[in-house]
Structures are given as structure tokens and as C-alpha cells.
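Listed below, chain by chain, are the residues.
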Amino acid sequence: MSLVTLGVNDLERSIRFYRALGWEPHPSSVAGEVAFYQAGGLVVGLWSRRALAADSGTVDSGGWGGVTLAHNVVSRDEVDSVLTDAEAAGARIGRRAAETDWGGYSGIFIDPDGHPWEVAVNPGWTIDETGRTLLR
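What am I meant to see in the pattern of salt bridges here?
When the charged atoms of two side chains lie near each other, side chains of opposite charge can form a pair. Applying the stated criterion to the full structure yields seven salt bridges. When the shortest N-O distance is used, the salt bridge between Arg 13 and Asp 113 registers 2.9 Å. Here the residue Arg 13 occupies a position in helix H1 (residues 11-20), and Asp 113 occupies one in the loop between strand E6 (105-110) and strand E7 (116-121), the gap between them amounting to 100 residues. Taking the relative accessible area as the measure of exposure, Arg 13 reaches 29% and is therefore partly exposed. We note a salt bridge from Arg 19 to Glu 24, for which the minimum N-O separation is 3.1 Å. The class for Arg 19 is partly exposed, based on a relative accessible area of 40%. Overall, the relative accessible area of 48% leaves Glu 24 in the partly exposed class.

Whenever I open this one, the sheet that holds strand E3 (residues 42-48) confuses me. Can you help?
Note on sheets: strands pair through backbone hydrogen bonds, and any given pair is parallel or antiparallel. Read from one edge of the open sheet, three strands run E1-E3-E2, paired in mixed fashion. Two strands in the sheet have a free side with no partner beyond their single neighbour: strand E1 (3-8) and strand E2 (34-39). Each strand axis lies, on average, 20° off the axis of its neighbour in the sheet, ignoring direction. Where E2 meets E3, six bridges bridge the pair, whose relative direction is antiparallel. Bridged to Ala 35 within E3 is Leu 46. Lying over the sheet, H1 contacts E1, E2 and E3, oriented at roughly 25° with respect to E2. Packed on one face of the sheet, helix H2 (residues 49-56) meets E1 and E3 and runs near 105° to E3.

The rules we used
Residues numbered from 1 in each chain as written. Predicted model: local features only at pLDDT ≥ 70, side-chain atom pairs only at ≥ 80, totals over all residues. Heavy atoms only, no water. Salt bridge = Lys/Arg side-chain N within 4 Å of Asp/Glu carboxyl O. Helix = DSSP H or I, 4+ residues; strand = E, 2+ residues; numbered from the N terminus. Buried < 20%, exposed > 50% of the residue type's maximum accessible area, 1.4 Å probe, protein only. Pairing = 2+ DSSP bridges. Axes fitted to C-alpha atoms, helices over the stretch in contact; angles between N-to-C directions. Contact = heavy atoms within 4.5 Å.

This is the structure in C-alpha cells:
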């Protein structure tokens, strides 16, 4: 996988939200139409939810699509910090950070368009200097 595109209702609001989390749109973004972000070895795009549904040949039911995104970090403090920053930027906390049954520590925030993001530290994975998450 190389690109995940999130359908958003208000592109400028979403850019402000992700900017508050420290993400800056890549210069290849098209102002007012699409925003791209380098996320380790993956690209995340923000695009009109309506346009994305049409382009994908699907009907947007407006509900959760059965996908949760994840942002892996290197420490529990970083999990807590990202969740705090997301909430301050306007996210709803879906699950406060806590120990997991798989030996990690994670919590969930829901972005302004309803996309759930798990923020986790996984003791079985490595995050390299470029931000890529690698399975051991």
C-alpha cells in the first residue's frame, strides 16, 4: 500500500486539524482540492468525501467504513501527547490510552470527519529514523 485517502467534508478544516497535530501538506497538494502528507513510507491524502465516493464507484453512507487508521509511536508518553494534541485540535477521544492485552499501550481519537485513529506503542515493532513502522 502506498496511499490512503481520507474523504473529508471540509478540506480547510481538516488541513487545520492535521496541522495542529504537526502535519504540513506536501507542496504537491492542490490548494482547495486535495492535501497530501508524507507519513513514513506512506502518503495520506485528504480529498472531498463526495468526490472520493464518486471516484471510488461507491455510495457514501456517512457511517464508519470498517477501517481504523493507526499511528505508531515509540513511547507511552508520546501516545498520551498525541491524544492530548488531537483532542485540543478538535478530535473526540474514542478510547483513552491504556495497557493492551497484546502488551502495548494505545488509545483512539476520532478526527473531525469521523475517521478513527489508534495511537499506539507496540513493543514488538520498530520505528526507524524515517518514521516507518517495521515488523520484527
